[in-house]
Amino acid sequence: VMQLNDSTVATLGVSNPLDAAENIRAGVSLLARYLRSLGELRLALWAYASGPGAVGRNSGPNATAQSFILYVQKYLDDHPSPEVPGFPRMPLRT
């Protein structure tokens, strides 16, 4: 369901990456970790798609990561969520 490589599975302590609930919890945890450390949704998505070491390189996101970022951007634009007190919607673009 979520993109989890072997090192991520080990780091997050996932016992069965094929279990949908465990997989989604781990993927969301990973995205949240990237969002907290990078402070911007676009960068968090880039890290998720390409690995955290790829973020900030001068070349920018590769084609796969760029496609993923644009896909999420379009989804968020097409499906706006209401504001939740204490959890403001973060803009994808800076």
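All figures in this text were calculated on a predicted structure; none of them were measured in a lab.

Some remarks on the overall build of the protein
Here's step 1: A count of helices and strands for the protein gives four helices and zero strands.
Here's step 2: Counting the 94 residues in the protein, one finds 27% classified as buried.
Here's step 3: A sequence separation of at least 24 residues applies to 23% of the contacts in the protein between residues at least 6 apart.
Here's step 4: Carbon and sulfur atoms form 58% of the exposed surface of the protein, whose accessible area is close to 6400 Å².

Some details on the pattern of salt bridges
Here's step 1: The full count for this structure, using the stated rule, is two salt bridges.
Here's step 2: Residue Lys74 pairs with Asp78 through a salt bridge whose shortest N-O separation is 2.6 Å. With a gap of four residues between them, Lys74 and Asp78 both fall in helix α4 (residues 63-78), about one helical turn apart.
Here's step 3: For Asp78, a relative accessible area of 44% corresponds to the partly exposed category.

Observations regarding the packing of helix α2 (residues 20-38) against helix α3 (residues 41-50)
Here's step 1: In contact at an axis separation of 8 Å, α2 and α3 are set at 130° when each is read in the N-to-C sense. As far as their axial angle goes, α3 and α2 are oblique. Crossing handedness for the pair α2 and α3: right-handed. Taken together, the residues of α3 that come into contact with α2 (itself represented by Gly27, Leu30, Leu31, Tyr34, Leu35 and Leu38) are Leu41, Leu43, Ala44, Leu45, Ala47 and Tyr48.
Here's step 2: Residue classes in the contact of α2 with α3 are distributed as eleven nonpolar, one polar and no charged.

Quick word on α3
Here's step 1: Taken across its ten residues, α3 has seven buried, putting it largely inside the fold.
Here's step 2: Listing the buried residues of α3 in full gives Leu41, Leu43, Ala44, Leu45, Trp46, Ala47 and Tyr48.
Here's step 3: Against α2 and α4 lie the buried residues of α3.
Here's step 4: Trailing α3 by a residue or two, Gly51 shows a phi angle of about 95°, which is positive.

As for the confidence of the model for the protein
Here's step 1: Mean pLDDT over the protein: 84, with 86% of residues reaching 70 or higher.
Here's step 2: Averaged pLDDT values for the elements of the protein fall to 88 in helix α1 (residues 6-12) and rise to 92 in α2.

About the cut-offs
Going along each chain's sequence as written, the residues are numbered from 1 onward. Two thresholds apply to this predicted model, a pLDDT of at least 70 for residue-level local features and 80 or more for giving and counting side-chain atom pairs, whereas whole-chain, interface and lining totals are computed over all residues. As a rule here, side-chain values cover all heavy atoms of the structure and leave hydrogens and water aside. Only DSSP runs of H or I covering at least 4 residues are called helices, and only runs of E covering at least 2 are called strands; the numbering of each starts at the N terminus. Accessible area is worked out with a 1.4 Å probe on protein chains only. A residue is then buried under 20% of its type maximum, exposed over 50%, and partly exposed in between. By definition in these notes, contact holds between two residues if any of their heavy atoms fall within 4.5 Å. Calculation of accessible area relied on Shrake-Rupley with a 1.4 Å probe; when residues are assessed, cover is drawn exclusively from the protein chains displayed. Any carboxyl oxygen of Asp or Glu within 4 Å of a side-chain nitrogen of Lys or Arg constitutes a salt bridge here. Axis definition: a line fitted to C-alpha atoms, over the contacting stretch in the case of helices. Angles run 0 to 180 degrees between N-to-C directions. What sets the label is the angle itself: under 35 degrees gives roughly parallel, over 145 gives roughly antiparallel, 65 to 115 gives roughly perpendicular, and the rest give oblique. When the near helix sits turned anticlockwise from the far one by under a right angle, the crossing is termed left-handed; a clockwise turn instead gives a right-handed crossing. As a working rule, the residues Ala, Val, Leu, Ile, Met, Phe, Trp, Tyr, Cys and Pro are called nonpolar, Asp, Glu, Lys and Arg charged, and the rest polar, with Gly in that last group. The pLDDT value tells you how sure the predictor is about a given residue, anywhere from 0 up to 100.

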